[in-house]
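Summary of the model geometry
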Amino acid sequence: MSDVEEAITQAHHEEWARVVATLTRRFGDLDIAEEAAAEAFATAVERWPADGVPPNPGAWLTTTATRRAIDRIRRENKRDDKHKEAQMVYDSPEPPGDIDDDRLRLIFTCCHPALAMEARLALTLRMVGGLTMPEIARAFLVAESAMGQRITRAKAKIKAARIPYRVPSAEDLPARVTGVLAVLFLMFNEGYLATGPDTDPVRHDLTAEAIRLTRLIRALLPDDGEVAGLLALMLLTEARRTARVSASGELVALDEQDRGAWDATLIAEGHRLVRERLAAAAAGVAPGRYQILAAINAVHTSARDIRDTDWSQVLALYDQLARLDPSPIIALNRAIAVAELDGPEVALAAVDRLEHRLADYHPYHATRADLLRRLGRSQQSRAAYDRAIELAGNTAETAYLTRRRDQLR
Amino acid sequence: MQYLVSVIDDKSNPGSTDRRPAISAFNERLIAEGYWVFAGGLADTDTATVIDNRGEQAVFSDGPFVESKEYLAGIWVWEAPDLDVALKLATEASKVCDRKIEVRPFL
(Lines give C-alpha, C1' and ligand atoms only; values in the text may rest on other atoms or scores of the structure.)
Protein backbone atom coordinates (compact mmCIF):
# COMPACT_ATOMS: atom_id res chain seq x y z
CA MET A 1 0.00 0.00 0.00
CA SER A 2 1.35 3.43 -0.92
CA ASP A 3 1.68 6.16 1.71
CA VAL A 4 -1.28 8.02 0.26
CA GLU A 5 -3.49 4.93 0.21
CA GLU A 6 -2.50 4.27 3.78
CA ALA A 7 -3.33 7.85 4.74
CA ILE A 8 -6.75 7.51 3.12
CA THR A 9 -7.45 4.21 4.89
CA GLN A 10 -6.36 5.70 8.17
CA ALA A 11 -8.45 8.83 7.61
CA HIS A 12 -11.42 6.62 6.81
CA HIS A 13 -10.99 4.76 10.09
CA GLU A 14 -10.42 7.84 12.17
CA GLU A 15 -12.53 10.47 10.50
CA TRP A 16 -15.54 8.82 8.85
CA ALA A 17 -17.77 8.84 11.94
CA ARG A 18 -16.63 12.33 12.87
CA VAL A 19 -17.45 13.73 9.41
CA VAL A 20 -20.88 12.03 9.31
CA ALA A 21 -21.59 13.14 12.86
CA THR A 22 -20.55 16.76 12.31
CA LEU A 23 -22.60 17.03 9.14
CA THR A 24 -25.65 15.38 10.70
CA ARG A 25 -25.54 17.96 13.44
CA ARG A 26 -25.13 20.80 11.03
CA PHE A 27 -27.72 19.74 8.45
CA GLY A 28 -30.05 17.66 10.61
CA ASP A 29 -30.22 14.89 8.05
CA LEU A 30 -28.44 11.53 8.10
CA ASP A 31 -28.94 11.01 4.38
CA ILE A 32 -27.21 14.21 3.40
CA ALA A 33 -24.42 13.59 5.90
CA GLU A 34 -23.78 10.06 4.69
CA GLU A 35 -23.76 10.96 1.02
CA ALA A 36 -21.58 14.03 1.48
CA ALA A 37 -19.09 12.08 3.60
CA ALA A 38 -18.87 9.35 0.95
CA GLU A 39 -18.30 12.00 -1.72
CA ALA A 40 -15.60 13.68 0.34
CA PHE A 41 -13.69 10.41 0.68
CA ALA A 42 -14.10 9.72 -3.04
CA THR A 43 -12.65 13.19 -3.71
CA ALA A 44 -9.73 12.41 -1.40
CA VAL A 45 -9.02 9.22 -3.35
CA GLU A 46 -8.96 11.32 -6.52
CA ARG A 47 -7.02 14.29 -5.27
CA TRP A 48 -4.61 13.25 -2.55
CA PRO A 49 -2.30 11.18 -4.81
CA ALA A 50 -1.71 14.29 -6.95
CA ASP A 51 -2.06 17.09 -4.38
CA GLY A 52 -0.53 15.29 -1.45
CA VAL A 53 -2.18 14.42 1.87
CA PRO A 54 -3.47 17.60 3.53
CA PRO A 55 -1.86 18.51 6.86
CA ASN A 56 -5.16 18.03 8.69
CA PRO A 57 -7.06 15.28 6.84
CA GLY A 58 -10.06 15.46 9.18
CA ALA A 59 -10.59 19.17 8.63
CA TRP A 60 -10.10 18.76 4.87
CA LEU A 61 -12.68 15.98 4.73
CA THR A 62 -15.20 17.90 6.85
CA THR A 63 -14.84 21.03 4.73
CA THR A 64 -15.12 19.08 1.48
CA ALA A 65 -18.14 17.13 2.73
CA THR A 66 -19.82 20.33 3.97
CA ARG A 67 -19.43 21.91 0.52
CA ARG A 68 -20.93 18.83 -1.11
CA ALA A 69 -23.85 18.88 1.32
CA ILE A 70 -24.56 22.56 0.63
CA ASP A 71 -24.39 21.89 -3.12
CA ARG A 72 -26.95 19.12 -2.75
CA ILE A 73 -29.29 21.17 -0.62
CA ARG A 74 -29.13 24.04 -3.14
CA ARG A 75 -29.87 21.66 -5.99
CA GLU A 76 -32.83 20.18 -4.19
CA ASN A 77 -34.17 23.53 -3.07
CA LYS A 78 -34.28 24.67 -6.65
CA ARG A 79 -36.11 21.54 -7.61
CA ASP A 80 -38.58 21.53 -4.80
CA ASP A 81 -39.19 24.37 -2.44
CA LYS A 82 -41.33 22.31 -0.13
CA HIS A 83 -38.41 20.00 0.39
CA LYS A 84 -36.52 22.86 1.92
CA GLU A 85 -38.60 22.79 5.02
CA ALA A 86 -38.05 19.10 5.56
CA GLN A 87 -34.34 19.61 5.40
CA MET A 88 -34.17 22.52 7.75
CA VAL A 89 -31.86 21.99 10.58
CA TYR A 90 -33.81 21.30 13.67
CA ASP A 91 -31.95 22.38 16.72
CA SER A 92 -33.58 20.58 19.55
CA PRO A 93 -33.27 22.55 22.75
CA GLU A 94 -30.41 20.90 24.44
CA PRO A 95 -29.39 21.24 28.04
CA PRO A 96 -25.61 21.23 28.38
CA GLY A 97 -25.05 17.49 28.06
CA ASP A 98 -22.96 15.24 30.21
CA ILE A 99 -20.82 14.37 27.24
CA ASP A 100 -20.50 16.59 24.25
CA ASP A 101 -19.42 14.74 21.19
CA ASP A 102 -21.14 14.47 17.83
CA ARG A 103 -20.06 10.88 17.38
CA LEU A 104 -21.84 9.90 20.56
CA ARG A 105 -25.00 11.58 19.31
CA LEU A 106 -24.63 9.61 16.10
CA ILE A 107 -24.23 6.28 17.92
CA PHE A 108 -27.20 6.91 20.19
CA THR A 109 -29.35 7.85 17.21
CA CYS A 110 -28.33 4.76 15.22
CA CYS A 111 -28.94 2.51 18.24
CA HIS A 112 -32.28 4.08 19.16
CA PRO A 113 -34.67 1.61 20.82
CA ALA A 114 -37.48 2.64 18.43
CA LEU A 115 -35.53 0.97 15.59
CA ALA A 116 -35.49 -2.78 15.02
CA MET A 117 -32.31 -4.49 16.24
CA GLU A 118 -31.18 -5.45 12.74
CA ALA A 119 -31.74 -1.88 11.55
CA ARG A 120 -29.66 -0.59 14.46
CA LEU A 121 -26.81 -2.93 13.56
CA ALA A 122 -26.85 -2.03 9.88
CA LEU A 123 -27.18 1.68 10.52
CA THR A 124 -24.36 1.68 13.08
CA LEU A 125 -22.05 -0.20 10.71
CA ARG A 126 -22.81 2.25 7.90
CA MET A 127 -22.99 5.59 9.71
CA VAL A 128 -20.49 5.06 12.51
CA GLY A 129 -18.33 2.26 11.13
CA GLY A 130 -18.20 3.57 7.58
CA LEU A 131 -18.67 0.09 6.07
CA THR A 132 -20.11 0.11 2.56
CA MET A 133 -23.53 -1.32 1.76
CA PRO A 134 -22.06 -4.40 -0.01
CA GLU A 135 -19.79 -5.03 2.99
CA ILE A 136 -22.69 -4.88 5.42
CA ALA A 137 -24.90 -7.01 3.17
CA ARG A 138 -22.16 -9.64 3.01
CA ALA A 139 -21.67 -9.57 6.76
CA PHE A 140 -25.31 -10.43 7.38
CA LEU A 141 -25.83 -12.62 4.34
CA VAL A 142 -28.64 -10.60 2.88
CA ALA A 143 -28.96 -9.20 -0.62
CA GLU A 144 -27.47 -5.75 -1.09
CA SER A 145 -30.84 -4.35 -2.14
CA ALA A 146 -32.49 -5.69 1.01
CA MET A 147 -29.76 -4.20 3.19
CA GLY A 148 -30.05 -0.90 1.35
CA GLN A 149 -33.78 -0.89 2.00
CA ARG A 150 -33.29 -1.69 5.66
CA ILE A 151 -30.97 1.29 6.06
CA THR A 152 -33.16 3.60 3.98
CA ARG A 153 -36.23 2.65 6.03
CA ALA A 154 -34.38 3.28 9.28
CA LYS A 155 -33.19 6.70 8.11
CA ALA A 156 -36.71 7.57 6.98
CA LYS A 157 -38.13 6.64 10.37
CA ILE A 158 -35.51 8.72 12.18
CA LYS A 159 -36.52 11.69 10.09
CA ALA A 160 -40.31 11.23 10.06
CA ALA A 161 -40.71 10.29 13.72
CA ARG A 162 -38.05 12.78 14.72
CA ILE A 163 -35.73 10.52 16.61
CA PRO A 164 -33.50 13.11 18.23
CA TYR A 165 -29.83 13.58 17.47
CA ARG A 166 -28.78 13.85 21.03
CA VAL A 167 -26.98 12.16 23.86
CA PRO A 168 -29.73 10.95 26.21
CA SER A 169 -30.24 12.74 29.50
CA ALA A 170 -28.30 11.45 32.49
CA GLU A 171 -31.44 9.74 33.76
CA ASP A 172 -31.92 7.75 30.52
CA LEU A 173 -28.24 7.25 29.79
CA PRO A 174 -27.64 3.91 31.55
CA ALA A 175 -30.49 2.16 29.71
CA ARG A 176 -29.48 3.68 26.39
CA VAL A 177 -25.79 2.78 26.83
CA THR A 178 -26.93 -0.78 27.51
CA GLY A 179 -28.75 -0.68 24.16
CA VAL A 180 -25.63 0.54 22.36
CA LEU A 181 -23.48 -2.15 23.97
CA ALA A 182 -25.99 -4.81 22.93
CA VAL A 183 -25.59 -3.69 19.30
CA LEU A 184 -21.79 -3.77 19.55
CA PHE A 185 -21.78 -7.17 21.28
CA LEU A 186 -24.05 -8.61 18.57
CA MET A 187 -21.75 -7.17 15.91
CA PHE A 188 -18.74 -8.77 17.60
CA ASN A 189 -20.42 -12.15 18.05
CA GLU A 190 -21.56 -12.27 14.46
CA GLY A 191 -17.94 -11.68 13.49
CA TYR A 192 -16.57 -14.19 15.95
CA LEU A 193 -18.93 -16.99 15.07
CA ALA A 194 -20.04 -16.05 11.60
CA THR A 195 -22.99 -18.03 10.26
CA GLY A 196 -23.49 -19.36 6.77
CA PRO A 197 -22.05 -22.08 4.56
CA ASP A 198 -20.01 -19.71 2.37
CA THR A 199 -18.78 -17.40 5.10
CA ASP A 200 -15.36 -17.32 6.67
CA PRO A 201 -15.68 -18.89 10.11
CA VAL A 202 -14.38 -15.72 11.73
CA ARG A 203 -15.19 -12.35 10.22
CA HIS A 204 -12.28 -10.25 11.35
CA ASP A 205 -13.75 -7.13 9.74
CA LEU A 206 -16.76 -7.33 12.06
CA THR A 207 -14.84 -8.17 15.24
CA ALA A 208 -12.34 -5.40 14.52
CA GLU A 209 -15.08 -2.89 13.85
CA ALA A 210 -16.95 -3.83 17.01
CA ILE A 211 -13.75 -3.40 19.03
CA ARG A 212 -13.00 -0.07 17.37
CA LEU A 213 -16.47 1.27 18.12
CA THR A 214 -16.36 -0.01 21.69
CA ARG A 215 -13.01 1.73 22.13
CA LEU A 216 -14.66 4.89 20.87
CA ILE A 217 -17.50 4.55 23.39
CA ARG A 218 -14.93 3.85 26.08
CA ALA A 219 -13.03 7.01 25.18
CA LEU A 220 -16.27 8.96 25.38
CA LEU A 221 -17.60 7.29 28.55
CA PRO A 222 -14.44 6.31 30.43
CA ASP A 223 -16.20 5.83 33.77
CA ASP A 224 -18.80 3.35 32.58
CA GLY A 225 -17.95 -0.08 34.02
CA GLU A 226 -19.93 -2.10 31.50
CA VAL A 227 -18.27 -0.32 28.59
CA ALA A 228 -14.89 -1.26 30.05
CA GLY A 229 -16.19 -4.78 30.68
CA LEU A 230 -17.42 -5.25 27.11
CA LEU A 231 -14.15 -3.93 25.68
CA ALA A 232 -12.16 -6.32 27.90
CA LEU A 233 -14.43 -9.21 26.93
CA MET A 234 -13.94 -8.46 23.23
CA LEU A 235 -10.16 -8.06 23.55
CA LEU A 236 -9.72 -11.30 25.50
CA THR A 237 -11.87 -13.14 22.96
CA GLU A 238 -10.20 -11.53 19.95
CA ALA A 239 -6.77 -12.43 21.39
CA ARG A 240 -7.58 -16.11 20.79
CA ARG A 241 -8.95 -15.60 17.29
CA THR A 242 -6.05 -17.01 15.29
CA ALA A 243 -5.64 -20.00 17.60
CA ARG A 244 -9.32 -20.79 17.37
CA VAL A 245 -9.48 -22.02 13.79
CA SER A 246 -6.98 -24.58 12.41
CA ALA A 247 -5.21 -24.32 9.05
CA SER A 248 -7.81 -26.71 7.64
CA GLY A 249 -10.64 -24.46 8.80
CA GLU A 250 -11.71 -26.47 11.82
CA LEU A 251 -12.66 -24.95 15.13
CA VAL A 252 -10.06 -25.57 17.83
CA ALA A 253 -11.63 -25.92 21.27
CA LEU A 254 -10.15 -24.04 24.20
CA ASP A 255 -8.42 -27.14 25.63
CA GLU A 256 -6.64 -27.84 22.35
CA GLN A 257 -5.59 -24.29 21.43
CA ASP A 258 -1.94 -23.33 21.07
CA ARG A 259 -1.81 -20.77 23.86
CA GLY A 260 1.49 -19.43 22.52
CA ALA A 261 -0.44 -18.18 19.49
CA TRP A 262 -2.69 -15.99 21.61
CA ASP A 263 -2.16 -12.25 21.20
CA ALA A 264 -0.26 -11.21 24.33
CA THR A 265 -0.81 -7.49 23.78
CA LEU A 266 -4.57 -7.80 23.57
CA ILE A 267 -4.58 -10.09 26.62
CA ALA A 268 -2.48 -7.62 28.62
CA GLU A 269 -4.87 -4.80 27.73
CA GLY A 270 -7.90 -6.93 28.55
CA HIS A 271 -6.43 -7.98 31.89
CA ARG A 272 -5.68 -4.35 32.71
CA LEU A 273 -9.32 -3.44 32.15
CA VAL A 274 -10.53 -6.40 34.22
CA ARG A 275 -8.23 -5.37 37.09
CA GLU A 276 -9.60 -1.85 36.86
CA ARG A 277 -13.14 -3.22 37.22
CA LEU A 278 -12.14 -5.58 40.02
CA ALA A 279 -10.83 -2.58 41.92
CA ALA A 280 -14.15 -0.81 41.36
CA ALA A 281 -16.04 -3.92 42.50
CA ALA A 282 -13.89 -4.06 45.63
CA ALA A 283 -14.93 -0.44 46.25
CA GLY A 284 -18.56 -1.52 46.17
CA VAL A 285 -19.62 -1.00 42.52
CA ALA A 286 -21.59 -4.09 41.52
CA PRO A 287 -20.32 -5.45 38.19
CA GLY A 288 -22.68 -6.00 35.26
CA ARG A 289 -22.75 -8.99 32.94
CA TYR A 290 -20.05 -7.84 30.52
CA GLN A 291 -17.65 -7.27 33.40
CA ILE A 292 -18.33 -10.74 34.78
CA LEU A 293 -17.96 -12.33 31.33
CA ALA A 294 -14.69 -10.44 30.92
CA ALA A 295 -13.50 -11.73 34.29
CA ILE A 296 -14.30 -15.32 33.22
CA ASN A 297 -12.26 -14.77 30.08
CA ALA A 298 -9.47 -13.28 32.16
CA VAL A 299 -9.32 -16.51 34.20
CA HIS A 300 -9.04 -18.57 31.01
CA THR A 301 -6.41 -16.34 29.45
CA SER A 302 -4.37 -16.33 32.67
CA ALA A 303 -3.84 -20.09 32.54
CA ARG A 304 -0.74 -21.15 30.65
CA ASP A 305 -2.24 -24.58 30.22
CA ILE A 306 -5.85 -25.78 30.31
CA ARG A 307 -4.91 -27.82 33.42
CA ASP A 308 -3.86 -24.61 35.19
CA THR A 309 -7.35 -23.13 34.76
CA ASP A 310 -8.83 -21.96 38.04
CA TRP A 311 -12.20 -23.67 37.52
CA SER A 312 -13.53 -22.82 40.97
CA GLN A 313 -13.02 -19.16 40.13
CA VAL A 314 -14.80 -19.68 36.80
CA LEU A 315 -17.68 -21.38 38.61
CA ALA A 316 -17.93 -18.61 41.21
CA LEU A 317 -18.14 -16.04 38.41
CA TYR A 318 -20.85 -18.04 36.61
CA ASP A 319 -22.79 -18.20 39.87
CA GLN A 320 -22.55 -14.44 40.12
CA LEU A 321 -23.64 -14.09 36.49
CA ALA A 322 -26.58 -16.49 36.96
CA ARG A 323 -27.87 -14.33 39.81
CA LEU A 324 -27.83 -11.34 37.46
CA ASP A 325 -29.19 -13.16 34.43
CA PRO A 326 -30.89 -16.50 35.11
CA SER A 327 -30.83 -17.52 31.44
CA PRO A 328 -30.47 -21.19 30.41
CA ILE A 329 -27.45 -20.29 28.25
CA ILE A 330 -25.56 -19.13 31.31
CA ALA A 331 -26.63 -22.27 33.16
CA LEU A 332 -25.22 -24.29 30.25
CA ASN A 333 -21.85 -22.54 30.39
CA ARG A 334 -21.81 -22.93 34.15
CA ALA A 335 -22.26 -26.68 33.69
CA ILE A 336 -19.03 -26.81 31.67
CA ALA A 337 -17.15 -25.50 34.71
CA VAL A 338 -19.05 -27.97 36.91
CA ALA A 339 -17.80 -30.81 34.71
CA GLU A 340 -14.22 -29.81 35.44
CA LEU A 341 -14.78 -29.59 39.19
CA ASP A 342 -17.35 -32.29 39.97
CA GLY A 343 -17.07 -34.52 36.92
CA PRO A 344 -19.13 -35.02 33.75
CA GLU A 345 -21.94 -36.94 35.46
CA VAL A 346 -22.94 -34.06 37.74
CA ALA A 347 -22.61 -31.64 34.82
CA LEU A 348 -24.75 -33.81 32.54
CA ALA A 349 -27.56 -33.86 35.09
CA ALA A 350 -27.48 -30.03 35.15
CA VAL A 351 -27.40 -29.85 31.35
CA ASP A 352 -30.28 -32.29 30.92
CA ARG A 353 -32.47 -30.07 33.04
CA LEU A 354 -32.15 -27.37 30.34
CA GLU A 355 -33.50 -29.50 27.51
CA HIS A 356 -36.95 -27.95 27.19
CA ARG A 357 -35.45 -24.48 26.88
CA LEU A 358 -32.42 -25.16 24.73
CA ALA A 359 -33.58 -27.96 22.43
CA ASP A 360 -32.80 -25.88 19.32
CA TYR A 361 -29.55 -24.36 20.58
CA HIS A 362 -26.60 -26.21 19.08
CA PRO A 363 -24.15 -25.59 21.97
CA TYR A 364 -26.59 -27.44 24.21
CA HIS A 365 -26.26 -30.58 22.08
CA ALA A 366 -22.50 -30.09 21.59
CA THR A 367 -21.99 -29.81 25.35
CA ARG A 368 -24.12 -32.88 25.99
CA ALA A 369 -22.26 -34.81 23.30
CA ASP A 370 -18.94 -34.01 24.94
CA LEU A 371 -20.13 -34.96 28.44
CA LEU A 372 -21.65 -38.23 27.16
CA ARG A 373 -18.39 -38.98 25.35
CA ARG A 374 -16.44 -38.48 28.56
CA LEU A 375 -18.83 -40.83 30.33
CA GLY A 376 -18.26 -43.49 27.65
CA ARG A 377 -21.87 -43.36 26.46
CA SER A 378 -20.86 -43.36 22.80
CA GLN A 379 -24.19 -44.08 21.21
CA GLN A 380 -25.98 -41.25 22.98
CA SER A 381 -23.00 -39.00 22.37
CA ARG A 382 -23.18 -39.71 18.63
CA ALA A 383 -26.86 -38.78 18.54
CA ALA A 384 -26.14 -35.52 20.37
CA TYR A 385 -23.29 -34.70 17.94
CA ASP A 386 -25.65 -35.38 15.03
CA ARG A 387 -28.18 -32.93 16.40
CA ALA A 388 -25.48 -30.30 17.12
CA ILE A 389 -24.10 -30.60 13.57
CA GLU A 390 -27.58 -30.26 12.17
CA LEU A 391 -28.15 -27.01 14.07
CA ALA A 392 -24.69 -25.39 13.85
CA GLY A 393 -24.35 -22.66 11.22
CA ASN A 394 -20.62 -22.01 11.41
CA THR A 395 -18.40 -23.97 9.03
CA ALA A 396 -15.44 -24.35 11.44
CA GLU A 397 -17.72 -25.56 14.18
CA THR A 398 -19.43 -28.08 11.92
CA ALA A 399 -16.01 -29.46 10.91
CA TYR A 400 -14.95 -29.75 14.55
CA LEU A 401 -18.15 -31.46 15.67
CA THR A 402 -18.01 -33.87 12.74
CA ARG A 403 -14.45 -34.92 13.60
CA ARG A 404 -15.31 -35.40 17.26
CA ARG A 405 -18.30 -37.51 16.33
CA ASP A 406 -16.30 -39.64 13.92
CA GLN A 407 -13.65 -40.25 16.59
CA LEU A 408 -16.22 -41.93 18.84
CA ARG A 409 -15.64 -45.61 19.28
CA MET B 1 -44.07 17.86 16.06
CA GLN B 2 -47.40 16.09 16.51
CA TYR B 3 -47.85 12.43 17.27
CA LEU B 4 -50.93 10.26 17.06
CA VAL B 5 -50.98 8.14 20.20
CA SER B 6 -53.22 5.10 19.90
CA VAL B 7 -54.44 3.11 22.85
CA ILE B 8 -54.68 -0.53 21.82
CA ASP B 9 -56.89 -2.98 23.62
CA ASP B 10 -57.13 -6.73 23.23
CA LYS B 11 -60.55 -8.42 23.02
CA SER B 12 -59.34 -11.69 24.48
CA ASN B 13 -57.26 -10.06 27.18
CA PRO B 14 -58.68 -6.60 27.87
CA GLY B 15 -57.00 -4.06 30.15
CA SER B 16 -58.63 -3.18 33.44
CA THR B 17 -61.79 -1.04 33.40
CA ASP B 18 -61.03 1.16 36.41
CA ARG B 19 -58.52 3.43 34.67
CA ARG B 20 -60.70 6.48 34.17
CA PRO B 21 -59.54 8.53 37.21
CA ALA B 22 -55.86 7.81 36.46
CA ILE B 23 -56.33 8.79 32.81
CA SER B 24 -58.04 12.04 33.83
CA ALA B 25 -55.15 12.92 36.12
CA PHE B 26 -52.67 12.08 33.36
CA ASN B 27 -54.62 14.30 30.93
CA GLU B 28 -54.48 17.19 33.41
CA ARG B 29 -50.73 16.83 33.47
CA LEU B 30 -50.45 16.65 29.67
CA ILE B 31 -52.41 19.89 29.46
CA ALA B 32 -50.38 21.60 32.18
CA GLU B 33 -47.08 20.62 30.53
CA GLY B 34 -48.20 21.68 27.06
CA TYR B 35 -48.27 18.27 25.34
CA TRP B 36 -52.04 17.87 25.06
CA VAL B 37 -53.67 18.59 21.70
CA PHE B 38 -56.62 16.22 21.68
CA ALA B 39 -57.87 13.09 23.39
CA GLY B 40 -60.84 10.80 23.03
CA GLY B 41 -62.01 7.35 23.96
CA LEU B 42 -63.83 5.32 21.32
CA ALA B 43 -67.03 3.29 21.52
CA ASP B 44 -66.86 -0.42 20.77
CA THR B 45 -65.73 -1.46 17.26
CA ASP B 46 -69.19 -3.02 16.76
CA THR B 47 -70.60 0.52 16.57
CA ALA B 48 -68.44 1.45 13.57
CA THR B 49 -69.81 1.96 10.06
CA VAL B 50 -67.69 1.81 6.92
CA ILE B 51 -68.57 3.92 3.88
CA ASP B 52 -67.16 3.17 0.43
CA ASN B 53 -68.06 5.76 -2.18
CA ARG B 54 -65.30 5.00 -4.64
CA GLY B 55 -67.71 3.34 -7.05
CA GLU B 56 -70.97 4.52 -8.56
CA GLN B 57 -72.88 4.68 -5.34
CA ALA B 58 -72.01 4.79 -1.72
CA VAL B 59 -72.04 1.49 0.12
CA PHE B 60 -72.50 1.40 3.87
CA SER B 61 -71.45 -1.56 5.85
CA ASP B 62 -71.76 -2.45 9.48
CA GLY B 63 -68.72 -2.99 11.66
CA PRO B 64 -65.07 -2.02 11.63
CA PHE B 65 -63.02 -2.01 8.39
CA VAL B 66 -60.89 -4.77 9.77
CA GLU B 67 -61.92 -7.42 12.29
CA SER B 68 -59.07 -8.13 14.68
CA LYS B 69 -58.34 -9.27 18.18
CA GLU B 70 -56.52 -6.03 18.90
CA TYR B 71 -58.33 -2.80 18.24
CA LEU B 72 -58.13 0.93 18.73
CA ALA B 73 -59.75 1.88 22.04
CA GLY B 74 -58.87 5.56 22.10
CA ILE B 75 -56.50 8.19 20.81
CA TRP B 76 -54.47 11.18 21.81
CA VAL B 77 -52.75 13.80 19.75
CA TRP B 78 -49.65 15.13 21.46
CA GLU B 79 -47.35 17.97 20.63
CA ALA B 80 -43.79 16.96 21.57
CA PRO B 81 -40.36 18.21 20.51
CA ASP B 82 -39.11 14.74 19.49
CA LEU B 83 -39.74 11.01 19.68
CA ASP B 84 -37.84 10.57 22.94
CA VAL B 85 -40.25 12.90 24.71
CA ALA B 86 -43.25 11.20 23.08
CA LEU B 87 -41.97 7.74 24.01
CA LYS B 88 -41.38 8.74 27.57
CA LEU B 89 -44.96 10.00 27.88
CA ALA B 90 -46.24 6.91 26.07
CA THR B 91 -44.40 4.70 28.56
CA GLU B 92 -46.35 6.37 31.34
CA ALA B 93 -49.58 6.31 29.30
CA SER B 94 -49.33 2.53 28.89
CA LYS B 95 -49.21 2.12 32.68
CA VAL B 96 -51.97 4.67 33.24
CA CYS B 97 -54.30 3.02 30.68
CA ASP B 98 -53.15 -0.54 31.41
CA ARG B 99 -52.99 -1.04 27.65
CA LYS B 100 -50.51 -1.06 24.77
CA ILE B 101 -49.76 2.29 23.14
CA GLU B 102 -48.66 3.05 19.59
CA VAL B 103 -46.90 6.31 18.80
CA ARG B 104 -46.95 7.47 15.20
CA PRO B 105 -45.81 10.81 13.82
CA PHE B 106 -48.02 13.04 11.72
CA LEU B 107 -46.49 14.07 8.40
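Cut-offs applied
- Residues numbered from 1 in each chain as written.
- Chains lettered and ligands numbered in written order.
- Predicted model: local features only at pLDDT ≥ 70, side-chain atom pairs only at ≥ 80, totals over all residues.
- Heavy atoms only, no water.
- Helix = DSSP H or I, 4+ residues; strand = E, 2+ residues; numbered from the N terminus.
- Buried < 20%, exposed > 50% of the residue type's maximum accessible area, 1.4 Å probe, protein only.
- Contact = heavy atoms within 4.5 Å.
- Areas by Shrake-Rupley, 256 points an atom, 1.4 Å probe, with all protein chains shown as cover.
- Lys, Arg positive; Asp, Glu negative; His and termini not counted.
- Charge placed at Lys NZ, Arg CZ, Asp CG, Glu CD.
- UniProt positions renumbered as here; feature names shortened; annotations may be inferred.
- Core = buried A, V, L, I, M, F, W, Y, C linked by side-chain atoms within 4.5 Å.
- Domains from an automatic or database assignment.
- pLDDT = per-residue confidence, 0-100.
- Expected span 1.5 Å × (residues − 1).
- Bend = angle between axes of the 7 residues up to and from the residue.
- Polar contact = N/O pair within 3.5 Å; in protein donor to acceptor, adjacent residues only side chain to side chain.

**Section: the overall build of chain B**
- Per the secondary structure count, chain B includes two helices and six strands.
- Ordering the α and β elements of chain B from the N terminus gives β-α-β-β-β-β-α-β.
- For chain B, the C-alpha atoms occupy an extent of roughly 50 × 30 × 20 Å along the three principal directions.
- Across the 107 residues in chain B, those meeting the buried criterion constitute 30%.
- Long-range contacts, defined here as pairs at least 24 residues apart, represent 76% of the contacts in chain B between residues at least 6 apart.
- If you sum the accessible surface of chain B, you get close to 7000 Å²; carbon and sulfur atoms cover 56% of it.
- Taking the average location of the 11 positive side-chain charges in chain B and that of its 18 negative ones, the two points are 5 Å from each other.

**Observations concerning the UniProt feature "domain: YCII-related" (unreviewed entry) in chain B**
- The UniProt feature table records "domain: YCII-related" (unreviewed entry) at residues 1–97 of chain B.
- Summarising residues 1–97 of chain B: 29% helix, 34% strand, and an end-to-end C-alpha distance of 23 Å.

**Thoughts on the nonpolar core**
- Counting 143 residues, the largest nonpolar core has L106(A), V128(A), W76(B) and W78(B) as the members making the most contacts within it.
- At ten residues, helix α9 (residues 173–192) of chain A tops the list of elements feeding residues into this core.
- In this structure, this core is formed jointly by two domains, domain 1 (3–86) and domain 2 (310–409) of chain A, each of which donates at least three residues.
- Contact partners of L106(A), with chain neighbours within four places excluded, come to A17(A), V20(A), A21(A), T24(A), L30(A), M127(A), V128(A) and Y165(A).

**Considerations on the confidence of the model for chain A**
Residue and element names in this part refer to chain A.
- Of the residues in chain A, 93% have a pLDDT of 70 or more, and the chain-wide mean is 89.
- The lowest-confidence element of chain A is helix α4 (residues 81–86), averaging 51 in pLDDT; the highest-confidence one is helix α11 (residues 225–238), averaging 97.
- Low pLDDT, under 50, characterises residues 85–100; the stretch is placed with 29 contacts to residues that sit more than four places away or in other chains.

**Brief notes about the UniProt feature "domain: RNA polymerase sigma factor 70 region 4 type" (unreviewed entry) in chain A**
- According to UniProt, the positions carrying the feature "domain: RNA polymerase sigma factor 70 region 4 type" (unreviewed entry) are residues 107–158 of chain A.
- As a span, residues 107–158 of chain A carries 73% helix and 0% strand, and end to end its C-alpha atoms are 13 Å apart.

**Considerations on the side chain of K155(A)**
- Following the sequence through the fold, K155(A) ends up in helix α8 (residues 144–160).
- When near neighbours in sequence (up to four residues on either side) are disregarded, K155(A) contacts L30(A), D31(A), E34(A), L123(A) and M127(A).

**Details of helix α2 (residues 30–51) of chain A**
Residue and element names in this part refer to chain A.
- Relative to the 32 Å expected for 22 residues at 1.5 Å per residue, α2 spans 30 Å between its end C-alpha atoms, a close match to the ideal helical length.
- Roughly 30° is the biggest bend found in α2, and it falls at V45, with proline P49 one to four residues downstream.
- Those residues of α2 lying buried are L30, I32, A33, E34, A36, A37, A40, F41, T43, A44 and W48.
- In this fold, the buried residues of α2 make contact with α1 (3–27), α3 (57–79), α5 (102–110), α6 (117–128) and α8.
- Among the residues of α2, the N-terminal cap falls to D29, whose side-chain oxygen and the backbone nitrogen of D31 are separated by 2.8 Å.
- Immediately beyond the C-terminal end of α2, within one or two residues, lies G52, with a positive phi of roughly 90°.

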